[in-house]
Amino acid sequence: MDAAAPTASSPASLGLGIGPDGSYTRGGQVVAFLLGLWTMVLFFPLLVVGAMLYARAEEVFEANPGKAKKMVLWSWLSISVLPLIPAVVIGGAMIALNASN
């Protein structure tokens, strides 16, 4: 009985900053660290801004419901849509860099 021997294929690209053994490359470690800092610095303040806007809207509602409605809208935007914009830009740049390799 002849069994077909498995053939060695070239390893698929695991992703930007990942070496052939599956661990981070030195550049991947640096990029992951910098993106972690960027996320903490950029997105956490948006969370705080959203909470502050929402809390302030509750105080303003009695005197000016229209202004309170706008503040609530911006509160929701700051925790939902606004963080996606830089994430999409960075993700697109990473995809473009990975495609060029």
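Residues numbered from 1 in each chain as written. Predicted model: local features only at pLDDT ≥ 70, side-chain atom pairs only at ≥ 80, totals over all residues. Heavy atoms only, no water.

Considerations on the side chain of Ser75
Convention followed: Only DSSP runs of H or I reaching four residues or more are called helices, and only runs of E reaching two or more are called strands; each is numbered from the N terminus. Between N or O atoms, a polar contact is any pair within 3.5 Å; within protein, one atom must be a potential hydrogen donor and the other a potential acceptor, and residues adjacent in sequence are included only when both atoms are from side chains.
Summarising the element assignment, Ser75 is placed in helix H2 (residues 65–80). From its side chain, Ser75 meets the backbone oxygen of Gly50 in a polar contact 2.7 Å long.

Looking at helix H1 (residues 26–60)
What counts here: Expected helix span is taken as 1.5 Å per residue step, with the number of steps being one fewer than the number of residues. Each residue is placed in one exposure class: buried if its accessible area under a 1.4 Å probe, protein chains only, is under 20% of its type's maximum, exposed if it is over 50%, and partly exposed if it falls in between. Contacts between residues were defined by any pair of non-hydrogen atoms, one from each residue, lying within 4.5 Å.
The terminal C-alpha atoms of H1 lie 51 Å apart, and with 35 residues this matches the ideal 51 Å at 1.5 Å per residue to within 8%. For H1, the full list of buried residues reads Gly28, Leu46, Gly50, Ala57 and Val60. In this structure, the buried side of H1 is in contact with H2.

Let's talk about the packing of H1 against helix H3 (residues 84–100)
Filter applied, for reference: For helices, the axis comes from a line fit to the C-alpha atoms of the stretch in contact; other axes are also lines fit to C-alpha atoms, and the angle between any two N-to-C directions lies between 0 and 180 degrees. Our angle categories are set so that under 35 degrees counts as roughly parallel, over 145 as roughly antiparallel, 65 to 115 as roughly perpendicular, and the remainder as oblique. Two helices crossing with the near one rotated counterclockwise from the far one by less than a right angle form a left-handed crossing, whereas a clockwise rotation gives a right-handed crossing. Under the convention adopted here, Pro, Cys and the residues Ala, Val, Leu, Ile, Met, Phe, Trp and Tyr are nonpolar, Asp, Glu, Lys and Arg are charged, and Gly plus all remaining residues are polar.
It is at 12 Å that the axes of H1 and H3 come closest, and there the two elements cross at 160°. In this view, H1 runs roughly antiparallel relative to H3, as classed from their interaxial angle. At the point where H1 passes H3, the crossing takes the right-handed sense. Counted together, Leu35, Trp38, Leu42 and Phe43 of H1 and Pro86, Ala87, Ile90 and Met94 of H3 form the full contact between these two elements. Tallied by class, residues from the contact of H1 with H3 come to eight nonpolar, no polar and no charged.

Details of the pattern of salt bridges
The test is simple: Every case where a carboxyl oxygen of Asp or Glu lies within 4 Å of a side-chain nitrogen of Lys or Arg is listed as a salt bridge.
By the definition in use, this model includes one salt bridge. With a closest N to O distance of 3.0 Å, Arg56 and Glu59 form a salt bridge. Placement of both Arg56 and Glu59 in helix H1 is noted, with a separation of three residues, approximately one turn of the helix. For Arg56, a relative accessible area of 41% puts it in the partly exposed group.

The values are spatial; any link to function lies outside them.
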